[in-house]
Amino acid sequence: MAVIHSPAFDPLEGEPETQAESLLRAGLKFNHLRMMAALDASGQVSTAAHVLNISQPAASRMIAEIEAILQAPICDRLPRGVALTPYGKAFARRARSILLELREAEREIGDLRTGQGGSVFMGTVAAPSITLAVPAIKRIRQRFPKLEINIQVDTSATLASELLASRYDFIIGRIPDDLSPRLFQTRLIGIERACLIVRRGHPLMRHAPVPIEKLTEFDWVFQPSGSLLRRTLEAAFLSRGIALPDRVLNTSSSFLTLVMVAQTDAIAPIAVDVASFVNSPRGLNGAIDVLPVDFEINLQPYSLITARNRALSPAAQMLYDFIVGEAASG
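Residues numbered from 1 in each chain as written. Predicted model: local features only at pLDDT ≥ 70, side-chain atom pairs only at ≥ 80, totals over all residues. Heavy atoms only, no water.

Participant: I keep staring at the sheet that holds strand 6 (residues 184-190) and nothing clicks. Help me out?
Facilitator: Strands pair in a sheet through their backbones, by hydrogen bonds, and they do so in one of two ways: parallel or antiparallel. Strands sit in the order 4-3-5-13-6 across an open sheet of five strands; the sheet is mixed. Strands with a single pairing partner mark the edges of an open sheet, and in this sheet they are strand 4 (148-153) and strand 6. Neighbouring strand axes in the sheet, compared pairwise and without regard to direction, differ in orientation by 20 degrees on average. Sheet analysis places strand 5 (residues 170-173) next to strand 13 (residues 302-307), joined by three bridges and oriented antiparallel. Considered in strand 13, the bridge of glycine 173 is made with serine 303. Against the sheet, helix 6 (residues 126-143) contacts strand 3 (119-124), strand 4, strand 5, strand 6 and strand 13, and its axis sits at roughly 175 degrees relative to strand 4. Across the face of the sheet, helix 11 (residues 314-329) comes into contact with strand 3, strand 4, strand 5, strand 6 and strand 13 while running at roughly 45 degrees to strand 3. (Pairing = 2+ DSSP bridges. Helix = DSSP H or I, 4+ residues; strand = E, 2+ residues; numbered from the N terminus. Axes fitted to C-alpha atoms, helices over the stretch in contact; angles between N-to-C directions. Contact = heavy atoms within 4.5 Å.)

Printed below as a string of structure tokens:
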């Protein structure tokens, strides 16, 4: 009797065996995924071992297991730490996505058990954190007081990378030029304007509106190189043939920016909404002034951004919808 070999069959899927199923049959385990995510985040076998609560020799054996399962090297040993190979980077990206989905499954079930509880992880650039995120959080707290909300304010470049790394449910910002728009789903919700701030009593306030060439005579506090606000200011200088400021403190911290401006003669660009809040009696009533200048600082619109093909948990979807509502009412 002839024996006919057919592809392996999974009764749960009803389809021939996929490559993912082949990896599972080869011994791929949950901790292998955790190891890949930890290696990618830290670049250190010792740190990854600590995350998984295992010894470093055990971590090294686990790396060898992963390489045997994938039949490809996942990392190169360096004098200090490891560097993921292209195979390792590709698998780590998938591992993070799988781990996130498992976390979302746990959160979604918990939401259903506790009556719309759960937690949300979001990131935002500065201006919409004040004009959209805070008002939306105040409203959602009235209806869902058990909801845990985690929010981080940073540059769009950092936020987008962290979103792809599954550390946020969604972000408010812009897609950086070095990332493919195909990786994201976006919803345009606002336009941001920026201004320059100085301490009250700053020498330049006696010469308003201040020509741009006068600005290079003072220290500056800038966001890190490559950020949209910084690139917009640098373009304003260069388009007028003016050398860029050479006395610069670089920081992504809004708090440190405000402290430096309030206590020195430094100049800093920040979002108009942030400056208005800092100076408002209903806000911080801070000791800064908006410096009148002879040019405008207009930034690109910002959007609500999610990772493509990644569903939001019920809790994250609620906050997302509240922010959409806040943007529409504004």
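Participant: Which parts of the structure should I look at to understand the environment of isoleucine 74?
Facilitator: On the secondary structure map, isoleucine 74 appears in the loop between helix 4 (56-70) and strand 1 (75-77). C-alpha separation for the pair isoleucine 74 and alanine 92, spaced 18 residues apart in sequence, amounts to 9.1 Å.

Participant: Would you mind showing me how to read the environment of serine 253 here?
Facilitator: Examined against the element boundaries, serine 253 turns out to sit in the loop between strand 9 (248-250) and helix 9 (254-263). Given a relative accessible area of 28%, serine 253 falls into the partly exposed group. In this structure, the C-alpha to C-alpha distance between serine 253 and proline 224, residues 29 residues apart in sequence, is 9.8 Å. A distance of 3.4 Å separates a polar side-chain atom of serine 253 from the backbone nitrogen of phenylalanine 255. (Buried < 20%, exposed > 50% of the residue type's maximum accessible area, 1.4 Å probe, protein only. Polar contact = N/O pair within 3.5 Å; in protein donor to acceptor, adjacent residues only side chain to side chain.)

Participant: Even after reading the chapter, I still don't get the pairing of strand 3, so can you show me in this structure?
Facilitator: Along any regular strand the residues' side chains alternate between the sheet's two faces. Counting buried positions along strand 3 yields five of six residues, so the element is predominantly enclosed. As paired elements, strand 3 and strand 4 share six bridges and run parallel to each other. Counted as the bridge partner of methionine 122 is isoleucine 151 from strand 4. Between strand 3 and its parallel partner strand 4, the chain crosses via helix 6, and the hand of that crossover is right-handed. Judged from the three bridges that link them, strand 3 and strand 5 form a sheet pairing that is parallel. Residue pairing across strands places methionine 122 opposite phenylalanine 170, the latter belonging to strand 5. (Right-handed = clockwise from strand over helix to strand, strands pointing away.)

Participant: Sorry, what's going on with helix 6 here?
Facilitator: Structural remark: α-helix, 3.6 residues per turn; residues separated by three or four positions point the same way. Look at helix 6: 26 Å from first C-alpha to last across 18 residues, which is about the 26 Å you get at 1.5 Å a residue. The largest bend in helix 6 is about 35 degrees, located at alanine 133, with the proline proline 135 one to four residues further on. Turning to helix 6, its buried residues number three or more, namely Ala127, Pro128, Ser129, Leu132, Ala133, Ala136, Ile137 and Ile140. (Expected span 1.5 Å × (residues − 1). Bend = angle between axes of the 7 residues up to and from the residue.)

Participant: Can you walk me through the nonpolar core in this structure?
Facilitator: In a soluble, globular protein the nonpolar side chains are often hidden away together inside. Of all hydrophobic cores here, the largest spans 25 residues; its most connected members are Met35, Met36, Leu39, Ile63, Ile66, Ile74 and Phe91. The set of elements that each furnish at least two residues to this core consists of helix 2 (30-42), helix 3 (45-52), helix 4, strand 2 (82-84) and helix 5 (86-114). No other element matches the six residues that helix 2 contributes to this core. Not counting chain neighbours up to four residues away, the residues in contact with isoleucine 66 comprise His32, Met35, Met36, Ile74 and Phe91. (Core = buried A, V, L, I, M, F, W, Y, C linked by side-chain atoms within 4.5 Å.)

Participant: Where do I start with the pattern of salt bridges in this structure?
Facilitator: Side-chain pairs of opposite charge can arise whenever the charged atoms involved come near each other. This structure, assessed with the given rule, holds ten salt bridges. With a shortest N-O distance of 2.7 Å, arginine 199 and aspartate 265 are connected by a salt bridge. Of this pair, arginine 199 sits in strand 7 (residues 193-199) while aspartate 265 is found in the loop between helix 9 and strand 10 (268-271), placing the two residues 66 residues apart along the sequence. Note on aspartate 265: relative accessible area 32%, which makes it partly exposed. Close ionic contact of arginine 247 with aspartate 219 constitutes a salt bridge, the shortest N to O distance being 2.5 Å. With arginine 247 in the loop between helix 8 (228-239) and strand 9 and aspartate 219 in the loop between strand 7 and strand 8 (220-222), this residue pair connects regions lying 28 residues apart in the sequence. (Salt bridge = Lys/Arg side-chain N within 4 Å of Asp/Glu carboxyl O.)

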